[in-house]
Amino acid sequence: MSDQEAAPAAPEAAPSEAQPAPAAEPVPAPEAEAAPPAPEPAAPAPAPPAPKPKKPTGPSPGQPVNLTVDDVNDNSVTLTWDAPEQVGPKGLDGYLVEYCKDGTVDWVSANEKPFLSTRYVIRNLTSGDKLHIRVKAVKGDGISEPTVLDQPLLIREILEHPKIRLPRYLRQVYMRTVGQVVNLLIPFRGKPKPQVTWTKGGQPLDPKRVNVRNSEKDSILFIRQAQRSDSGKYEITVKILDELEDKATIEFLVIERPGPPENLKLVDVWGFNVALEWSPPKDNGNADLKGYTVQKADMKTKQWFTALEHYNRTSCTVSDLIMGNSYIFQVFSENPCGLSEKAAVTKDAAHIKKTAIVYKPEKYNTRDFSEPPTFTQPLTDRTTTRGYSTQLVCSVRGFPRPKVIWMKNQMEIREDPKYVALINQGVCSLEIRKPSPFDGGVYTCKAVNPLGEASVDCRLNVKGFPVATGPESTMQLKQRR
């Protein structure tokens with residue numbers, strides 16, 4: 001570097017490197033001496049070194065793939081793409097979207113910070129510009145190679161023909177019951193934003209009955225409480241630029257329960273059968289009838305039972321009725337909403353007469369089971385020991401059931417706690433508790449009924465210990481015990 005190029009830098013470096021010298025007193029210079037030589041200028045300060053670019057801490061991610069334009073209009077672009085094939089175990093930090101005008105190299109970042117979504121909308125664009133667009137993947141300090149659209153994109157509104165996407169359930173007659181809410185959502189497509197209009201039978205809708213809300217992608221028709229007057233054909237029209245349009249028709253039917261049949265009458269009664277006839281109802285509920293339901297009721301129980309269901313004719317025959325009973329009948333009409341609230345009832349009852357058959361029961365001889373008392377098992381003589389309870393047992397039969405009386409020595413045994421008398425299925429028993437020699441004797445069991453009486457006897461002996469007198473007898477008594 002020459003001195004001329006470096007000279008301008010000396011005044012900047014001198015104040016920072018040299019301290020200012022103190023001012024000297026003026027000394028008169030001799031005339032003969034020459035002036036001292038001027039000092040040389042100071043060398044310029046060295047420039048700071050340029051910062052070195054940081055090296056990426058890890059490998060760069062792969063570039064995004066399948067970059068496509070999802071939507072474009074006069075001020076925005078919607079882009080979609082797929083993640084790179086090579087991402088790594090820690091994943092990506094996000095993506096950067098950039099664009100520049102055709103014919104320039106000034107790339108403008110659409111997003112300040114990386115984002116992880118694979119869909120992005122670039123907004124606030126100028127209509128008529130041609131833009132190059134690219135997307136980069138970011139991972140740490142590494143940035144992938146950009147993925148660029150194949151051709152520059154023209155920012156303008158794309159004209160798309162209108163198309164109504166009518167739901168499947170609205171392609172046939174749409175039925176609702178009186179009082180129900182109607183809420184129809186009709187989606188459609190088209191660009192720019194289409195104009196939607198609704199009509200009913202070629203006339204505009206009544207805003208007091210029907211509410212309509214339109215958006216860019218669908219239209220909603222709402223009726224708070226449907227009435228039969230709301231039935232008809234509704235037509236929706238989607239129009240763009242007064243040139244392109246699409247139409248769809250919805251047939252809407254509001255129904256309710258039908259009225260009852262008319263002129264129900266009994267035509268004939270024979271055997272087990274009854275013939276009925278009637279006329280269709282005046283009000284079918286704004287829908288075609290699905291048939292009739294015929295019911296019968298016995299005059300004794302007044303309970304209704306269904307005889308015919310979903311019957312399509314206006315005359316029928318009810319069979320399998322019970323002879324000797326009287327019946328009344330009622331008929332309901334039916335449509336898709338259900339059975340009629342009221343039924344047509346016959347005025348007269350149908351009497352099912354019995355045939356002239358007289359039943360003669362066969363004669364048979366009834367058996368008389370009456371018989372006088374008879375002992376099938378008599379009493380037997382018994383011998384017992386003093387102080388040990390014993391029983392006397394016998395068995396008796398007879399009809400009517402005989403009364404049993406126990407006697408001792410021809411004296412009736414009454415309420416005495418020493419004796420317990422029982423009878424079970426004709427088996428008679430007398431228990432004698434802890435008998436003594438005094439209880440011995442002849443016992444009699446006597447059975448009595450209206451047809452006669454019978455009795456059996458037995459003898460009861462009670463043995464007692466001998467009376468001991470003297471010491472020898474007492475010793476013998478102890479040995480016996």
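Residues numbered from 1 in each chain as written. Predicted model: local features only at pLDDT ≥ 70, side-chain atom pairs only at ≥ 80, totals over all residues. Heavy atoms only, no water.

Participant: Please explain the overall build of the protein chain as it appears in this structure.
Facilitator: For the protein chain, the count of helices and strands is 3 helices and 36 strands. Burial statistics for the protein chain: of 481 residues in total, 32% are counted as buried. Pairs at least 24 residues apart make up 63% of the contacts formed inside the protein chain by residues separated by at least 6 positions. Carbon and sulfur atoms make up 50% of the accessible area of the protein chain, which amounts to about 33500 Å² in all. (Helix = DSSP H or I, 4+ residues; strand = E, 2+ residues; numbered from the N terminus. Buried < 20%, exposed > 50% of the residue type's maximum accessible area, 1.4 Å probe, protein only. Contact = heavy atoms within 4.5 Å. Areas by Shrake-Rupley, 256 points an atom, 1.4 Å probe, with all protein chains shown as cover.)

Participant: I keep staring at the nonpolar core and nothing clicks. Help me out?
Facilitator: Within soluble globular proteins, side chains that are nonpolar tend to cluster in buried spots. By size, the foremost hydrophobic cluster in this structure holds 22 residues, and its most contacted members are Val182, Leu184, Ile186, Trp198 and Leu221. Only β12 (182-191), β13 (195-200), β16 (218-223), β17 (232-240) and β18 (244-255) provide two or more residues apiece to this core. With near-sequence residues (within four places) excluded, Val182 lies in contact with Tyr174, Arg176, Leu221, Phe222, Ile223, Ala226 and Phe252. Judged by nonpolar contacts, the second largest core, of 20 residues, contains Leu67, Tyr120, Val135 and Ile155. (Core = buried A, V, L, I, M, F, W, Y, C linked by side-chain atoms within 4.5 Å.)

Participant: Mind showing me how you'd approach the side chain of Thr293 here?
Facilitator: Position of Thr293 among the secondary structure elements: in strand β21 (residues 291-298). Contact partners of Thr293, with chain neighbours within four places excluded, come to Thr306, Leu308, Glu309, His310, Gln330, Val331, Phe332, Glu334 and Leu339.

Participant: Would you mind going over the pairing of strand β24 (residues 326-335) with me for this structure?
Facilitator: Burial within β24 is extensive, with 10 of its 10 residues counted as buried. Side chains Ser326, Ile328, Gln330, Phe332 and Glu334 of β24 all project onto a buried face; the interleaved residues Tyr327, Phe329, Val331, Ser333 and Asn335 project onto the opposite face, where all are buried too. Direction of pairing for β21 relative to β24: antiparallel, over a ladder of 8 bridges. Following the sheet pairing, Val294 is matched in β24 by Val331. (Pairing = 2+ DSSP bridges.)

Participant: How should the environment of Asp268 be read in this particular structure?
Facilitator: Structurally, the position occupied by Asp268 is in strand β19 (residues 262-270). Between the alpha carbons of Asp268 and Thr317 there is a distance of 9.3 Å; along the sequence they are 49 residues apart.

Participant: Whenever I open this one, the pattern of salt bridges confuses me. Can you help?
Facilitator: A side chain with one charge can pair with a side chain of the opposite charge if their charged atoms come near. All told, the structure shown has 15 salt bridges when counted by the stated rule. The salt bridge involving Lys136 is made with Glu98; its shortest N-O contact spans 3.7 Å. In this pair, Lys136 sits in strand β6 (residues 130-139) while Glu98 sits in strand β3 (residues 94-101), placing the two residues 38 residues apart along the sequence. Of the charged contacts in the structure, one is a salt bridge between Glu371 and Arg397, with a shortest N-O distance of 3.0 Å. Placement of the pair is Glu371 in strand β28 (residues 371-377) and Arg397 in strand β30 (residues 390-399), with a sequence separation of 26 residues. Connected through salt bridges with shared partners, the residues Glu98, Arg134 and Lys136 form a single ionic network. (Salt bridge = Lys/Arg side-chain N within 4 Å of Asp/Glu carboxyl O.)

Participant: Help me out: how do you make sense of the packing of aromatic side chains in this one?
Facilitator: Counting across every chain of the model gives 9 aromatic pairs. Taking 6.1 Å as the distance between ring centres and 65 degrees as the angle between the ring planes, the aromatic pair formed by Trp81 and Phe115 counts as edge-to-face. Here Phe115 lies in the loop between β4 (108-109) and β5 (119-122) and Trp81 lies in strand β2 (residues 77-82), a separation of 34 residues in the sequence. Exposure remark for Trp81: the relative accessible area of 3% places this residue in the buried category. Here a set of aromatic residues connected by ring pairs shows up, and it is made of Trp81, Tyr95, Phe115 and Tyr120. When the ring centre of Trp107 is taken as origin, the NZ or CZ atom of Arg134, which lies over that ring, is 3.9 Å away. (Phe/Tyr/Trp six-rings, centres within 6.5 Å; stacked < 30°, edge-to-face > 60°. Lys NZ or Arg CZ within 6 Å of the ring centre and 35° of its normal.)

Participant: I'm lost on the confidence of the model for the protein chain in this one. Help?
Facilitator: Note: predicted coordinates in regions of low pLDDT should not be interpreted at a detailed level. For the protein chain, per-residue confidence averages 84 on the pLDDT scale, and residues scoring 70 or more make up 84% of the total. In the model, residues 1-56 has pLDDT below 50 throughout and makes 8 contacts with residues more than four positions away in sequence or in other chains. (pLDDT = per-residue confidence, 0-100.)

Participant: When you look at the sheet that holds strand β34 (residues 427-432) in this model, what are you seeing that I'm missing?
Facilitator: In any sheet, the strands associate via hydrogen bonds between backbone groups, in a parallel or an antiparallel arrangement. Ordered by their spatial adjacency, 4 strands build an open sheet running β28-β30-β34-β33, and the pairing between neighbours is antiparallel. At either end of the open sheet lies a strand with only one pairing partner, and these are β28 and β33 (419-424). With strand direction ignored, the average angle separating the axes of adjacent strands in the sheet is 25 degrees. Of the strand pairs in this sheet, β28 and β30 are connected by 4 bridges, and their pairing is antiparallel. Bridging from a neighbouring strand, Phe375 pairs with Val396 of β30. (Axes fitted to C-alpha atoms, helices over the stretch in contact; angles between N-to-C directions.)

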